[in-house]
Amino acid sequence: MAFDPQLQALYDQRAAQGVRPLYDMTLAEARAADLAAVQADAGAPEPVREVFDESIPGPAGTLLVRVYRPEAGPGPLPVLVYFFGGGWTLGSIETSDAICRSLANAAGCLTVAVGYRLAPENKFPAAVHDCYAALRWTAEHAARLGGDASRIAVGGDSAGGNLTAVMTLMARDSGGPAILAQLLVYPNTGHLADTRSRRENTDPLLFNDKSVQWYWDNYLSSPEEGENPLVSPLRAPSLIRC
């Protein structure tokens with residue numbers, strides 16, 4: 001099957017540059033390469049009205065969150081709590097900067113990016129607990145930030161999408177905060193998913209089955225943890241919002 005022209009151009013560029021798979025690098029190399037690639041593709045930062053960082057209490061120490069106030073009019077504004085992607089292993093507030101700026105302006109919402117702990121140094125459930133702490137903190141401080149605590153959404157891409165779905169379960173089952181919507185961007189919602197497309201896509205220049213397994217191995221202490229709905233939200237007994 002032929003690639004879309006945009007994907008073909010990207011593929012050809014990666015081939016010409018001899019791009020190494022991230023799973024063949026050290027953690028430090030992979031994180032640096034991931035950040036460099038994201039920033040190169042993002043271009044010039046989209047201007048927003050205001051950006052500032054806050055240090056907040058987390059379950060194992062201080063967490064960093066970055067708040068984006070859009071060009072939109074006066075608040076209180078709806079709030080989006082955003083979790084970056086990177087297979088729970090890569091990524092940071094910096095790698096989600098461009099998308100958070102765009103979402104803040106496009107949706108006219110206050111956007112809060114969460115700097116959760118990464119694996120394998122901090123395996124499951126460290127990221128889950130960090131994200132939930134940041135979600136609760138955002139709800140508690142929404143008014144001070146210029147947001148509306150009654151209009152909170154959560155969102156994220158890839159592993160951040162996984163954490164987004166997990167946050168909706170935790171908020172539902174742990175007494176809040178109330179979540180109005182979730183933005184799931186290619187989320188990984190099931191450990192040991194076995195699909196034809198995953199088995200057939202083995203090209204090292206593209207995201208492939210070995211990439212997926214590398215991320216899971218970094219995140220989990222054992223395969224059995226993959227049965228936990230806080231790892232695989234599709235395994236939750238119910239996905240209905242109560």
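What counts as what
Residues numbered from 1 in each chain as written. Predicted model: local features only at pLDDT ≥ 70, side-chain atom pairs only at ≥ 80, totals over all residues. Heavy atoms only, no water. Helix = DSSP H or I, 4+ residues; strand = E, 2+ residues; numbered from the N terminus. Rg over C-alpha atoms; globule rule 2.2 N^0.38 Å. Buried < 20%, exposed > 50% of the residue type's maximum accessible area, 1.4 Å probe, protein only. Contact = heavy atoms within 4.5 Å. Lys, Arg positive; Asp, Glu negative; His and termini not counted. Charge placed at Lys NZ, Arg CZ, Asp CG, Glu CD. Salt bridge = Lys/Arg side-chain N within 4 Å of Asp/Glu carboxyl O. Pairing = 2+ DSSP bridges. Axes fitted to C-alpha atoms, helices over the stretch in contact; angles between N-to-C directions.

Engineer: Could you clarify how one ought to interpret the overall build of the chain in this entry?
Structural biologist: Helix and strand content of the chain: seven helices and six strands. Going from N to C terminus, the chain has its helices and strands arranged as α-α-β-β-β-α-β-α-β-α-β-α-α. In terms of overall size, the chain behaves like a compact globule, its C-alpha atoms giving a radius of gyration of 18 Å where 242 residues would be expected to give roughly 18 Å. Its C-alpha atoms give the chain principal-axis dimensions of roughly 50 × 40 × 35 Å. Looking at the chain as a whole, 44% of its 242 residues are labelled buried. A sequence separation of at least 24 residues applies to 74% of the contacts in the chain between residues at least 6 apart. Distance between charge centroids for the chain: 4 Å, based on 19 positive and 27 negative side chains.

Engineer: Just to check I follow, could you spell out the pattern of salt bridges for this structure?
Structural biologist: Any two side chains of opposite charge can pair if their charged atoms end up close together. Tallied over the entire structure, the rule returns 15 salt bridges. Linking E227 and R235 is a salt bridge whose minimum nitrogen-to-oxygen distance equals 3.2 Å. On the accessibility criterion, E227 (45% relative accessible area) is partly exposed. In this structure, a network of salt bridges that share partners links the residues D53, R66, E94, D97 and R101.

Engineer: What is the right way to look at the sheet that holds strand β1 (residues 50-58) in this model?
Structural biologist: The strands that make up a sheet are held in pairs by hydrogen bonds between backbone atoms, and each pair lies either parallel or antiparallel. Within the open sheet, the six strands sit side by side as β1-β2-β4-β3-β5-β6. Their pairing is mixed. The sheet terminates laterally at β1 and β6 (181-185), the two strands that pair on one side only. Adjacent strand axes in the sheet meet at a mean angle of 25° when their direction is disregarded. Across five bridges, the pairing between strand β5 (residues 147-157) and β6 is parallel. Within β6, the position partnered with D157 by the bridge is V185. Contacting β1, β2 (61-69), β3 (77-83), β4 (110-115) and β5, helix α4 (residues 126-145) runs over the sheet at an angle of about 145° to β5. Contacts between helix α5 (residues 159-173) and the sheet are confined to β3, β5 and β6, with β5 contributing the most and set at about 140° to the helix.

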